[in-house]
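Residues per chain, in single letters:
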Amino acid sequence: MKCILSADNNWGIGLKNSLLCRIPADMKNFRLLTTGNVVIMGRRTLESFPNHKPLPDRVNIVITSRPDYTAEGAEVVHSIEEALKKSAEYAGKEIYVIGGSQIYRQLLPYCDEAIVTRIDHSYEADAFFPDLDASDEWQLTEESEENTCFDIIYTFCTYRRIKPSVQAPDPS
């Protein structure tokens, strides 16, 4: 399982249920990696998408505590355990955790890789991702050259877990 996100200098990922900034190359990379695969998100992340619609050409698994919540085109589950079991049904597909902050925190122990667009700026944020640079469980293994989008400087980074991840439950 992998996390995919963009984060600023303070590991901020969002403000008021929206991304901190939009970088076309980051969006393109996200689409390229996640299309044809499985994405796991929280309800509020789904509701931040245009028209509250799931991402096309992907299996969308939405975690919510609301028992009567439905989302056309998405598989709705009500716990992390249910999300893990549901995602395990898609053998051969990559599983990407796409937010929000609570979902990232709860599923990070199951992830072996984090694909992070690091933005060289400190934004006002109310949602954060754990600081992988300060963690002894993660190591930065790949980093692109600096890129710019208008006045935004960013790099594409890959972090890999160096301590074993928690194993997801068997789907059966």
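Residues numbered from 1 in each chain as written. Predicted model: local features only at pLDDT ≥ 70, side-chain atom pairs only at ≥ 80, totals over all residues. Heavy atoms only, no water.

Caption draft 1: Here's a closer look at helix α1 (residues 24–34). Regarding α1, the residues found buried are D26, F30 and T34. With its buried residues spanning 50 degrees around the axis, α1 presents them on a single face. The outward face of α1, more than 90 degrees from its buried face, is lined by the exposed residues P24, K28 and L32. Tucked inside the fold, the buried residues of α1 contact β1 (2–7), β4 (38–42), β7 (95–97), β8 (113–119) and β12 (152–161). Positioned one or two residues after α1, G36 has a phi angle of 85 degrees, which is positive. (Buried < 20%, exposed > 50% of the residue type's maximum accessible area, 1.4 Å probe, protein only. Helix = DSSP H or I, 4+ residues; strand = E, 2+ residues; numbered from the N terminus. Arc of directions from axis to C-beta. Contact = heavy atoms within 4.5 Å.)

Caption draft 2: A look at the packing of aromatic side chains. Throughout the structure, instances matching the rule amount to four aromatic pairs. The interplanar angle of 80 degrees and the centroid separation of 5.0 Å between the aromatic rings of Y104 and F129 together place this pair among those described as edge-to-face. On the criterion of sequence distance, the pair formed by Y104 in helix α4 (residues 101–107) and F129 in the loop between β9 (127–128) and β10 (138–143) is long-range, its members being 25 residues apart. Like F129, Y104 is buried. Members of the aromatic cluster, connected to one another through ring pairs, are W11, Y104, F129 and Y159. Positioned above the aromatic ring of W11, the side-chain terminus of R118 is 4.0 Å from the ring centre. (Phe/Tyr/Trp six-rings, centres within 6.5 Å; stacked < 30°, edge-to-face > 60°. Lys NZ or Arg CZ within 6 Å of the ring centre and 35° of its normal.)

Caption draft 3: Layout of the pattern of salt bridges. For the coordinates displayed, the defined rule picks out ten salt bridges. Between K2 and E113 there is a salt bridge whose closest N-O contact spans 3.5 Å. Of this pair, K2 sits in strand β1 while E113 sits in strand β8, placing them 111 residues apart in sequence. Among the salt bridges present, the one from R161 reaches E137, with a minimum N-O distance of 2.8 Å. Of this pair, R161 sits in strand β12 while E137 sits in the loop between β9 and β10; the two residues are 24 residues apart in sequence, bridging distant segments of the chain. The partly exposed category is assigned to E137, whose relative accessible area is 34%. One continuous salt-bridge network, built from bridges that share partners, spans K2, E94, E113, E142 and R160. (Salt bridge = Lys/Arg side-chain N within 4 Å of Asp/Glu carboxyl O.)

Caption draft 4: Representation of unusual backbone geometry. A cis amide bond, omega -5 degrees, links G99 with the succeeding residue G100. With respect to the helices, strands and loops of the structure, G100 is situated in the loop between β7 and α4. Positioned with a positive phi, N17 is a non-glycine residue whose angle comes to about 60 degrees. Considering the arrangement of structural elements, one finds N17 in the loop between β2 (12–15) and β3 (18–19). Of note, F150 is a non-glycine position whose phi angle comes to about 55 degrees, a positive value. Residue position: F150 is located in the loop between β11 (147–149) and β12.

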